[in-house]
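# Examination of the molecular architecture
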Amino acid sequence: MTQSTPAIVILGQGSLATARRIQQVYPAAQIHGLAGRVEGADCTYQEFGVTLRALYQQDTPIIALCAAGIVIRTLAPLLLEKGAEPAVLAVAEDGSAVVPLLGGLGGVNIMAREIADGLQVAAAITTSGELRFGTCLLNPPSGYALGDLELGKRFVSDLLAGHSVRIEGAAPWLDQAQLPEDPQAQRSIHVGSAAREASASELLIYPRSVAVAVSAETADLPDAVRSALQQAKVAVQSLACLLASETQMASPLLREAALELGVPLRFVAAQSDIETLARVAVPAATVLTGHGMAIAVAGQPLDVSSIGRPRGRLAVIGLGPGAAELMVPAVKAELARATDVLGYETYVRMAGPFRDDQVQHCTDNREEMQRARHAFRLAAEGRSVIVVSSGDPGVFAMAAAVLEALHESADPAWHSVDLEILPGVSASLATAAQAGAPLGHDFCVMSLSDNLKPWSIIEKRLDLAAEADLALAFYNPISRARPWQLGRALEIVAQHRAPETPVVLGRDIGRPGQTLRTTTLGALTPEQVDMRTMVLIGSSTTCTFPRASGGDWVYTPRWYGEKPLS
Ligand code: SAH
């Protein structure tokens, strides 16, 4: 079973050292520290209860470095509602005790042992079946699926009550277990891919040993697969993957069918017919055909990762301005699934930490088209690639370069890649939010960089936007190679706007050492701005007033002209 990345939650500075040791066991896990109490955690949270409950509800495994009682009380309101749950563990602050609390089927005991090994202590395993038999019968290893959980629980209590058991079929992981085995036993653990009636005297475990080769043209694909398996008397729980021809890689119907059936989809080079396709993909299997499908049944669980290849994925993601809290959840999930990460080194570092199995391809900031093509080459091999941008990938960043590379290419493998653009909070919006609402009415976003467009166009747009009384947001306002352009831009704006027009300068917003300044157009000079600064210039209606906590609020009213009666 693939575990999602756990969260390590700590309440005090004293737990950080233990948390770092646990992080060596799970390098991708982030340490969440209580704001104001913990310095140097990977991210901070404000409220323990809210944070823990949110993690639990998102199915994130939780390692809390505090008393078991605190964790129990905090999660108690959620426990009755939930069927499947993530692993939840309490670990003593000094690392002397590891207590699995919840998520027996989420592999909590396995995690407890892994953490305990890392901390060189013993895990406090309390699951009776596991203690008695040395294995959790209800949590078979990857490659196998349990038939029915409720029947399974009764079966294990029967064994604990003294019933003996025999094993039918191949269950290599039980070789080391201490089961009360007896060849004459009434109860049996049955391992096999044939469909079978559930019965209280049998614990059914299905090897994931079946692959079904399908075509996107088959109507109602998920139902068709289920009924083909039923007719062939093969258990649907044994389905390990769907197979299809590479020529159908971009088909949304195939993707949806695999999603509904809960199995991966693998692609194989085109063959003369579906039966050959199944035989080529799984050479050692018995192949049954019918209904335009071919069912390949192998003698043991299939190693799906070695069959054909998956559809490659390319996600162009926006990290937001920098702070982890401002990264959208879809981007976090994408970072966890990626095999390859491409981008300008600063942003790749900002997106990390990455696991050892995730390849980082760092490049210079300017090689955008090369990076985009490299991303497609990797994705076309079936890898899961992300290209990182700061802020939003569609705002003066990589998304347009990636689409340009695809538009220029005639390679069907590139066009079959599962391409998605995932948005982020752009620097102008992050800066505006901190200042108040300077972009609260119509505004214009411009990059002042003349690297890829003539300066004359920039001047024209500035002139018209300033004349149209739009609030202005300047990206790439200045750099060592472009020292004079900002001064000229401000001259143009000043022709249309009063010197007292409010200006917001946000530098490194959402990053360590961020600064936010409010000034006016008349007082603004290019020396106050560098390439890490966002410049927001108000319209004629933008105004400011003091905030109680110091500094000013800046906003542009929603109305224009005369204030409406309210
Ligand atoms: N895709 C990015 C913008 C890239 S252009 C986004 O949507 O935010 C780079 C410019 O963005 C910089 O020159 C600077 O003007 C601005 N910028 C990016 N991150 C910033 C931050 N954290 N604080 C202030 N400005 C930032």
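## Section: helix H4 (residues 108–119)
What sets the pattern is the α-helix's 3.6 residues per turn: residues three or four places apart point alike. Here H4 contains 12 residues, and its C-alpha end-to-end distance of 16 Å stays within 8% of the 16 Å for a straight helix at 1.5 Å per residue. Among all positions of H4, only Val108, Asn109, Met111, Ala112, Ile115, Ala116 and Leu119 are buried. Across the axial projection of H4, the buried residues extend over an arc of 155°, all falling on one side. On its buried face, H4 sits against helix H1 (16–25), strand E4 (62–65), strand E5 (88–91), strand E6 (98–102) and helix H5 (128–133). In the segment just after H4, Gln120 is the residue with positive phi, at about 55°.

## Focus: the pairing of strand E26 (residues 533–537)
Among the five residues that make up E26, five are buried, leaving the element largely enclosed by the rest of the structure. Neither face of E26 is left uncovered, since the one carrying Thr533, Val535 and Ile537 and the one carrying Met534 and Leu536 both have all their residues buried. With three bridges connecting them, strand E23 (residues 471–475) and E26 associate as antiparallel partners. Its bridge partner being in E26, Ala473 is matched across the sheet by Leu536. Looking at chain direction, strand E24 (residues 502–507) and E26 are connected through five bridges and run antiparallel. From the neighbouring strand, Val504 faces E26, where its bridge partner is Leu536.

## So, the pairing of E5
Side chains Val88 and Ala90 project from E5 onto one buried face, and the interleaved Leu89 and Val91 project onto a second face that is buried too. By the bridge criterion, three bridges tie E4 to E5 in an arrangement that is parallel. Looking across to E5, one finds that Ile63 is bridged to Leu89. Across four bridges, E5 lies against E6 in antiparallel orientation. From the neighbouring strand, Val91 faces E6, where its bridge partner is Val98. Taken together, E5 and the strand that follows it, E6, pair antiparallel across an intervening segment of six residues, in which Gly95 is found at a positive phi of about 75°.

## Quick word on the sheet that holds strand E2 (residues 30–34)
Strands sit in the order E3-E2-E1-E4-E5-E6 across an open sheet of six strands; the sheet is mixed. Edge strands, defined here as strands with exactly one partner in the open sheet, are strand E3 (43–45) and E6. Taken pair by pair, the neighbouring strands of this sheet meet at an average axis angle of 25°, ignoring direction. Where helix H2 (residues 48–57) meets the sheet, it contacts strand E1 (7–10), E3, E4, E5 and E6, and its direction lies at approximately 165° from that of E1. Helix-sheet contacts for H4 involve E4, E5 and E6, and the interaxial angle to E6 is about 165°.

## Digging into the site of the ligand
The local shell around the ligand holds 20 residues, among which Val395, Ser426, Ala427, Met531 and Thr533 are the closest. Between Met531 and the ligand, the recorded distance is 2.6 Å, taken from a backbone N or O atom to an oxygen atom. In the model, an oxygen atom of the ligand is placed 2.7 Å from a nitrogen or oxygen of the Thr533 main chain. Relative to its unbound accessible surface of 550 Å², the ligand loses 93% to contact with the protein. Its residues assigned to classes, the shell around the ligand comprises 10 nonpolar, six polar and four charged. The residues that make up the shell around the ligand include at least three from each of domain 4 (313–425) and domain 5 (428–555).

## What about the nonpolar core?
The biggest cluster of nonpolar side chains holds 24 residues, and the ones touching the most others in it are Val210, Val212, Val214, Val225, Leu239, Leu242 and Leu254. Broken down by secondary-structure element, the contributors of at least two residues to this core are strand E11 (210–213), helix H7 (221–231), strand E12 (239–245), helix H8 (252–261), strand E13 (265–268) and strand E15 (293–297). Ranked by the residues each element gives to this core, the list is headed by H7, at five residues. Excluding its chain neighbours within four sequence positions, the residues that come into contact with Val212 are Val225, Leu229, Leu239, Cys241, Leu242, Leu243, Met293, Ala294 and Ile295. Counting residues in each nonpolar core, the second largest holds 23 residues, with Ile10, Leu16, Ile22 and Ile115 among its members.

## Some thoughts on the domain arrangement of the chain
What the domain assignment reports for the chain is domain 1 (7–126), domain 2 (144–207), domain 3 (210–306), domain 4 (313–425) and domain 5 (428–555). For domain 3 and domain 4, the distance between their C-alpha centres works out to 31 Å.

## Focus on the pattern of salt bridges
All told, the structure shown has 26 salt bridges when counted by the stated rule. Glu420 serves as the salt-bridge partner of Arg313, at 2.7 Å between the closest nitrogen and oxygen. With a gap of 107 residues between them, Arg313 in strand E16 (residues 313–318) and Glu420 in strand E20 (residues 418–422) connect regions that are remote in the sequence. For Asp508, the salt bridge is made with Arg532, and the minimal N-O distance between the two is 2.6 Å. With Asp508 in the loop between E24 and strand E25 (515–520) and Arg532 in the loop between E25 and E26, this pair connects stretches of sequence that are 24 residues apart. A relative accessible area of 7% places Asp508 in the buried class. Given the relative accessible area of 47%, Arg532 is considered partly exposed. Linked through salt bridges whose partners overlap, the residues forming this network are Arg255, Arg313, Glu334, Arg337, Asp418 and Glu420.

Rules of the game
- Residues numbered from 1 in each chain as written.
- Predicted model: local features only at pLDDT ≥ 70, side-chain atom pairs only at ≥ 80, totals over all residues.
- Heavy atoms only, no water.
- Helix = DSSP H or I, 4+ residues; strand = E, 2+ residues; numbered from the N terminus.
- Expected span 1.5 Å × (residues − 1).
- Buried < 20%, exposed > 50% of the residue type's maximum accessible area, 1.4 Å probe, protein only.
- Arc of directions from axis to C-beta.
- Contact = heavy atoms within 4.5 Å.
- Pairing = 2+ DSSP bridges.
- Axes fitted to C-alpha atoms, helices over the stretch in contact; angles between N-to-C directions.
- Near = heavy atom within 4 Å.
- Polar contact = N/O pair within 3.5 Å; in protein donor to acceptor, adjacent residues only side chain to side chain.
- Areas by Shrake-Rupley, 256 points an atom, 1.4 Å probe, with all protein chains shown as cover.
- Nonpolar A, V, L, I, M, F, W, Y, C, P; charged D, E, K, R; others polar.
- Domains from an automatic or database assignment.
- Core = buried A, V, L, I, M, F, W, Y, C linked by side-chain atoms within 4.5 Å.
- Salt bridge = Lys/Arg side-chain N within 4 Å of Asp/Glu carboxyl O.

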